[in-house]
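Understanding the architecture of this molecule
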Amino acid sequence: MVQLPPRPAEIRDVTALDGSALRSRTVRVIAWMTMADLPAPAALAIVAVLFPTSWVAAVSLGGGNVVAPLWFFLPVFLAGLRFGPFGALSAGIAATIVAGPLLPGDAATGVTQPTSVWVSQGIFFILIGEFVTYLFGAVRWTSAQAAQAEASGEGEQRFRALVQRATDMITVTDHEGVLTYESPAVERILGWSSGHRLGLRSGDFVHPDDRAAVSAAGNDVLANPGTSRTLELRLLDSRGSWRWVESTLTNMVDEPTVGGIVINHRVVDERKVLEEELIHRAFHDSLTGLANRGLLRGRVETIGRAPINGFRQSMLFIDLDDFKTVNDGFGHDAGDRLLVEVGNRLLTCVGPADLVARLGGDEFAVLVEDRSLMGYVASDVAQRVINALQEPFEVADRRIRVTASIGIAQYETEAPNGDSVLMQADIAMYHAKAGGKNQFVHFTDEMQQGVRHRLDVESWLRAALVGDQIRVHYQPIVALTDRRVEAVEALVRWEHPTLGLLSPAQFMDVAEETGLVVPLGKLVLREACRQIRRWRNDHGGYVKVSVNLSAAQLRDPGIVSECRLAMSDAGIEGDALIVEVTEGSLIADVSSATRVLESLSSLGVTIAVDDFGTGYSSLSHLQRFPVDVVKVDKAFVEGVCSRNEESTLVRSILAIGAEFGLQVVAEGIESEAQDRELRRLGCDYGQGYLYMCPVPAERIDELLMSHRPARVAS
């Protein structure tokens, strides 16, 4: 193992600098003298011209017997230096002929030179040419080697200086992972004194949970010389704390000046804190701090993949009775405080292995480990919840009483579907409400009528797709600076012949479960492209249309062709279309999503990430996907005016957008206060009921025609 040498002097000797410059100039002079930089035809032409030039000079001076034509050596030397020994031999023979039989001994009388004279001169030409060729060749080789050695030494010193002054930590280990070198940045960042860790195993300073990954990466680069691997890990500092770093391992075992694995560590503590915060937000309710629907669903499916013998699981779906009266009577702030208190009481009713979640609004769920096999534990938990809620709550200086209706669904631990279990518990909860509220009801097969209703919805939706019942409404996306319409989001509606106009919440779940979301999305895409073409023709504006792509559409192999065809048929370019995808759909299949989005981006289509912050938000994904716009979820915008976590997260997302050069759209803006705060924070665009609710195309047409800012909610 070759250790890196000590830190070099910061300023080199002036004499060494002058010597280096002299050697460099010597190499350049030799290259010029030997015509090394000239193409071979050009050099050959110069040599050829020198022969008749020398002959004319000799004749003009009186002839070969009068003068010694030594200048014939010049073409011989140049030919030898440029073309080597064979060049010197050929030029020497040519010089012998030109300076002998072709050159008169006396230019005035025309007397020829004696043969012995020009033959001896020719032999001398050839011998001296060969000698000079080898002599200059040796000098040139020696100078080049010296220059190369000097450059190599300078490069090595420069590398050492860069390593010593690098802001990132640089360490070197041998093939067994023993530290043999570390840059001064290690002491500055981790606090370990210089040389303290040398001779110790680098793995001893890596977090135990990260050691397996580091070992695998090290083995990988050792098996493949010249390769690199990058991973995130935690390093121990001198204070006993763990620092997150992004480490790149490079195999430089074969490099004589290194002889080991070079590891570049970049501290990423702040980035990891933000990622962990986003992950926590993705799986926890922002108001109560309880688990959210995503975490609950994941827990159900995780248990199903690793069943526990001897007991079932039970899902409790809890809905507060008449909660709307609290919001209407005391305001939403009081309602939110009540929800927080309800969540706290639910936690007191469950065991340590149970999971309490808020699903949204006044809906909660509890995942219970039921060891009785008969549902007794779930029933006990439900009764404890009902009893706990009987105690009044102190909210807004008032004593408020609430009750709850609870549905219970039991399931075997064999690959259950979280949404299906919740649906069964939800169905049972509605039966509890219908039975008088403030009670719990177990799901039974007789309640399966709700499932049949979903089948009916599927059948009706299939008919709607071919029966001209699907409508597209549009909601403006405005520039927050002046509320001018910059784009519109296309939102699907279903005009049912008997139920009236239905929102996506009433049928989109069925569409996604049955795969009907793909043809439904195509229909919306085509209509939105045709509509934006009409608006651009009528108003000459640059308004764009935003269309949502579901996870199923991203998995559709023909989605890119479908978008291209929709734009072509409508006569629009890619810059008129924005495609919105959710974080969850991106993470479901990263490689497929990357391929689709890159293809769409190459068409000029703008890519937006919808509901940003509600899914698994890793900053590396923003770098991997060709994202242009991020849309802040309504749940975060609601709390932007408060000094709480929502406000902090909105500021963080705006900072991320600025860092990555992304436009940011805030969704769900409903108040002037939210509008003012978002403008103060530097948000680019906004969307919400404050400006306009989703409306038919005709209403947007009126807005564009009037050139008015979108200011009136309707």
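Please read all numbers here as calculations on a predicted model, not as lab measurements. (Residues numbered from 1 in each chain as written. Predicted model: local features only at pLDDT ≥ 70, side-chain atom pairs only at ≥ 80, totals over all residues. Heavy atoms only, no water.)

What follows concerns the pairing of strand β13 (residues 470-479). Judged by how many residues are buried, β13 sits mostly within the fold: nine of ten residues are covered. Hairpin connection of β13 to strand β14 (residues 485-496): five residues between the antiparallel strands, including arginine 483 at a positive phi of 60°. (Buried < 20%, exposed > 50% of the residue type's maximum accessible area, 1.4 Å probe, protein only. Helix = DSSP H or I, 4+ residues; strand = E, 2+ residues; numbered from the N terminus. Pairing = 2+ DSSP bridges.)

Another aspect to go through is unusual backbone geometry. Even without a glycine there, the phi angle at aspartate 468 is positive, about 55°. As for its position among the elements, aspartate 468 is in the loop between α14 (449-466) and β13. If you check the backbone angles, arginine 483 has positive phi at about 60° while not being a glycine. Considering the arrangement of structural elements, one finds arginine 483 in the loop between β13 and β14. For arginine 483, a relative accessible area of 5% puts it in the buried group.

Evaluated as defined, the whole model comprises three aromatic pairs. With a centroid separation of 5.1 Å and an interplanar angle of 75°, the aromatic rings of tyrosine 474 and tryptophan 535 are classed as edge-to-face. Placement of tyrosine 474 in strand β13 and of tryptophan 535 in helix α16 (residues 517-539) is noted, with a sequence separation of 61 residues between them. Each member of the pair, tyrosine 474 as well as tryptophan 535, carries the same accessibility label: buried. Summarising the aromatic geometry, the rings of tryptophan 494 and phenylalanine 507 are spaced 5.4 Å apart at their centres and angled 90° between planes, so their arrangement reads as edge-to-face. In this pair, tryptophan 494 is assigned in strand β14 and phenylalanine 507 in the loop between β15 (500-502) and α15 (508-514), connecting sequence segments 13 residues apart. Note on tryptophan 494: relative accessible area 1%, which makes it buried. Lying across the ring of tryptophan 244, lysine 272 places its NZ or CZ 4.4 Å from the centre. (Phe/Tyr/Trp six-rings, centres within 6.5 Å; stacked < 30°, edge-to-face > 60°. Lys NZ or Arg CZ within 6 Å of the ring centre and 35° of its normal.)

Once that is clear, we can look at the environment of arginine 197. Inspection of the secondary structure assignment puts arginine 197 in the loop between α6 (185-190) and α7 (211-223). With eleven residues separating them in the primary sequence, arginine 197 and valine 186 have C-alpha atoms 9.9 Å apart. With near-sequence residues (within four places) excluded, arginine 197 lies in contact with Thr171, Leu179, Glu182, Val186, Leu190, Trp192 and Phe205. Separated by 3.0 Å, the side chains of arginine 197 and glutamate 182 make a polar contact. (Contact = heavy atoms within 4.5 Å. Polar contact = N/O pair within 3.5 Å; in protein donor to acceptor, adjacent residues only side chain to side chain.)

Quick look at the side chain of arginine 281 now. Relative to the helices and strands, arginine 281 resides in helix α8 (residues 269-283). A relative accessible area of 7% places arginine 281 in the buried class. A polar side-chain atom of arginine 281 sits 3.2 Å from a polar atom in the side chain of serine 286.

Tallying each qualifying case throughout the model produces 31 salt bridges. For aspartate 220, the salt bridge goes to arginine 229, with nearest N and O atoms at 2.9 Å. What makes arginine 229 partly exposed here is its relative accessible area of 32%. A salt bridge links arginine 243 to aspartate 269; the nearest nitrogen and oxygen atoms lie 2.4 Å apart. One end of the pair, arginine 243, is in strand β4 (residues 242-252); the other, aspartate 269, is in helix α8, with 26 residues separating them in the sequence. (Salt bridge = Lys/Arg side-chain N within 4 Å of Asp/Glu carboxyl O.)

With that settled, the discussion passes to the confidence of the model for the chain. Per-residue confidence for the chain gives a mean pLDDT of 81; residues scoring 70 or more make up 84%. Model confidence for the chain, summarised as mean pLDDT per element, is weakest for helix α1 (residues 14-33) at 56 and strongest for strand β21 (residues 685-686) at 95. Counting interchain partners and residues more than four positions distant, the pLDDT-below-50 stretch residues 1-18 has 25 contacts. (pLDDT = per-residue confidence, 0-100.)

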